[in-house]
Amino acid sequence: GPKVLQIPSHQIIDMGQMVTLNCDPVSNHLYFYWYKQILGQQMEFLVNFYNGKVMEKSKLFKDQFSVERPDGSYFTLKIQPTALEDSAVYFCASSLASASAETLYFGSGTRLTVL
Amino acid sequence: AQSVTQPDARVTVSEGASLQLRCKYSYSATPYLFWYVQYPRQGLQLLLKYYSGDPVVQGVNGFEAEFSKSNSSFHLRKASVHWSDSAVYFCAVSYNNRIFFGDGTQLVVKP
């Protein structure tokens, strides 16, 4: 089936540094999402993105977070500066149309460890 | 406010036994409903989804779920589980272009 690739699978950084998480969504998908999962618990919505713009973001999407997809390349999540509570697994997802009825396809996640 | 409740954090069953994982939602209308499965170190994968029509929907690997409007539930079932079904299962509801996940139920299948 369709694949969403996330690079890297694991990232360890010091608190205060910048980190960029990369996502290669399904090629013909138009909607992109980031979710945060702590300790294998609930998947929590961070942000969705369409047509070059953030459509909606949750309260977890702090000012230190930003997303972009320059020129149809990777869909990225940047955190600058990072904090200890940003340690989690971040999942990227994409869908062909908006989320209400469409299946989301998820990547395998990037485990971010902030020291 | 909308919510998804999976009352069982962990369910243990023997291989070959039947399975039911519970999910209840709260929303004024009928939302779109999903079950996703997460295997270790992987992202979520869709098992099945419900929009309308027949309240029993069939999914992959022998899973099915039944929508009940009166109970606001969407329970997942399987007649005979296999050890490879061990994973975390998430119920989700979707409306207004947002998807909300439950806390997940960890399924452990004993040999």
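Residues numbered from 1 in each chain as written. Chains lettered and ligands numbered in written order. Predicted model: local features only at pLDDT ≥ 70, side-chain atom pairs only at ≥ 80, totals over all residues. Heavy atoms only, no water.

(A) Highlighting the overall build of chain B. If you tally the helices and strands in chain B, you get zero helices and 12 strands. For chain B, the α and β elements follow one another from N to C terminus as β-β-β-β-β-β-β-β-β-β-β-β. For chain B, the C-alpha radius of gyration of 13 Å lies close to 13 Å, the compact-globule estimate for 111 residues. Seen through its C-alpha atoms, chain B measures out along the principal axes to roughly 40 × 30 × 20 Å. Scored against the burial criterion, the 111 residues of chain B give a buried share of 46%. The contacts of chain B with a sequence gap of at least 6 include a subset with a gap of at least 24, amounting to 53%. (Helix = DSSP H or I, 4+ residues; strand = E, 2+ residues; numbered from the N terminus. Rg over C-alpha atoms; globule rule 2.2 N^0.38 Å. Buried < 20%, exposed > 50% of the residue type's maximum accessible area, 1.4 Å probe, protein only. Contact = heavy atoms within 4.5 Å.)

(B) Highlighting the pattern of salt bridges. Residues and elements named next belong to chain B. For the coordinates displayed, the defined rule picks out five salt bridges over all chains. D8 is the partner of R22 in a salt bridge, and the nearest nitrogen-oxygen pair spans 2.9 Å. Highlighted residues: R22 in the loop between β3 (19-21) and β4 (24-26) and D8 in the loop between β1 (3-5) and β2 (10-14), separated in sequence by 14 residues. With a closest N to O distance of 2.7 Å, R77 and E66 form a salt bridge. Linking R77 in strand β9 (residues 73-78) with E66 in strand β8 (residues 64-68), this pair joins segments that are 11 residues apart in sequence. (Salt bridge = Lys/Arg side-chain N within 4 Å of Asp/Glu carboxyl O.)

(C) How the structure looks around the pairing of strand β6 (residues 44-50) of chain B. All names here are of chain B. Bridge analysis of strand β5 (residues 32-38) against β6 gives six bridges, and the strand direction is antiparallel. Considered in β6, the bridge of V37 is made with Q45. Counting the residues in the hairpin turn of β5 and β6 gives five residues, including R41, whose phi is positive at 60°. (Pairing = 2+ DSSP bridges.)

(D) Main features of the nonpolar core. The biggest cluster of nonpolar side chains holds 29 residues, and the ones touching the most others in it are L19, W35, L47, L48, F74, L76 and Y89 of chain B. A total of five residues in this core trace back to one element, the largest contributor, which is strand β10 (residues 87-95) of chain B. Membership of the second largest hydrophobic core comes to 22 residues, among which are V4, W34, V47 and A88 of chain A. (Core = buried A, V, L, I, M, F, W, Y, C linked by side-chain atoms within 4.5 Å.)

(E) How the structure looks around the interface of chain B and chain A. Each side of the interface is counted separately: chain B has 21 residues, and chain A has 19 residues. When chain B packs against chain A, close to 1700 Å² is buried across both sides, 48% of that on carbon and sulfur atoms. In this structure, the connection of chain B to chain A is made through five residue pairs in polar contact (both at pLDDT 80 or more). Looking at the side of chain B that touches chain A, the element that brings in the most residues is β5 of chain B, giving four residues. Its residues assigned to classes, the side of chain B that touches chain A shows 10 nonpolar, seven polar and four charged. (Buried area = accessible area lost by both parts, 1.4 Å probe. Polar contact = N/O pair within 3.5 Å; in protein donor to acceptor, adjacent residues only side chain to side chain. Nonpolar A, V, L, I, M, F, W, Y, C, P; charged D, E, K, R; others polar.)

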